[in-house]
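Results of the structural survey
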Amino acid sequence: IAAAAQEGDEAMKKSEEQQRRFIADTKGRLKLGETIANHSKKASLVCINIPVPRKDKMVDPWYPYQYMSWLDALSHHDKPCLLIHGSNVDCLTFYS
């Protein structure tokens, strides 16, 4: 019984830590969205290179909803917004 109670306590601590991390990540994305909105007041179109969803997080059933809410936080302003999804591979382009 003591082992089960200890596992329950560890799961609760882990869950609380995940919630704190999610709240901190969301606050950061909201601040970034506000910064984008402030710097693009005169723009007629805002282009945002969106972060690639993490495959290792897909085991969490709430992650897709969190990801979409973060995209909403990044793109929530009065101007039209183009979300650009990259391949997450660095590349260089040379013009001759």
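Please refer to the structure placed before this passage.
Overview of the structure. Computed from a prediction, not measured in an experiment: that's the story for all the values here. (Residues numbered from 1 in each chain as written. Predicted model: local features only at pLDDT ≥ 70, side-chain atom pairs only at ≥ 80, totals over all residues. Heavy atoms only, no water.)

What follows covers the packing of aromatic side chains. Counted under the stated rule, the structure contains four aromatic pairs. Ring centres of Trp62 and Tyr65 lie 5.5 Å apart, and the angle between their planes is 55°; this geometry places the pair in the tilted category. Neither Trp62 nor Tyr65 differs from the other in exposure class; each is exposed. Geometrically, the ring pair formed by Tyr63 and Trp70 is edge-to-face, given 6.2 Å between the ring centres and 75° between the ring planes. Relative accessible area serves as the criterion here: at 6%, Tyr63 is assigned to the buried category. A relative accessible area of 8% places Trp70 in the buried class. Connected via pairs of aromatic rings, a cluster forms that spans Phe22, Tyr63, Tyr67 and Trp70. The ring of Trp70 has Arg29 lying over it, and the distance from NZ or CZ to the ring centre is 4.0 Å. (Phe/Tyr/Trp six-rings, centres within 6.5 Å; stacked < 30°, edge-to-face > 60°. Buried < 20%, exposed > 50% of the residue type's maximum accessible area, 1.4 Å probe, protein only. Lys NZ or Arg CZ within 6 Å of the ring centre and 35° of its normal.)

Okay, the environment of Tyr67 next. Following the sequence through the fold, Tyr67 ends up in helix α2 (residues 63-75). Owing to a relative accessible area of 9%, Tyr67 belongs among the buried residues under this scheme. With 15 residues separating them in the primary sequence, Tyr67 and Val52 have C-alpha atoms 9.4 Å apart. Non-local contacts of Tyr67, meaning those with residues more than four positions away in its chain, are made with Ile50, Pro51, Val52, Pro53 and His85. (Helix = DSSP H or I, 4+ residues; strand = E, 2+ residues; numbered from the N terminus. Contact = heavy atoms within 4.5 Å.)

Everything listed here is a matter of coordinates, which is why it stays silent on function.
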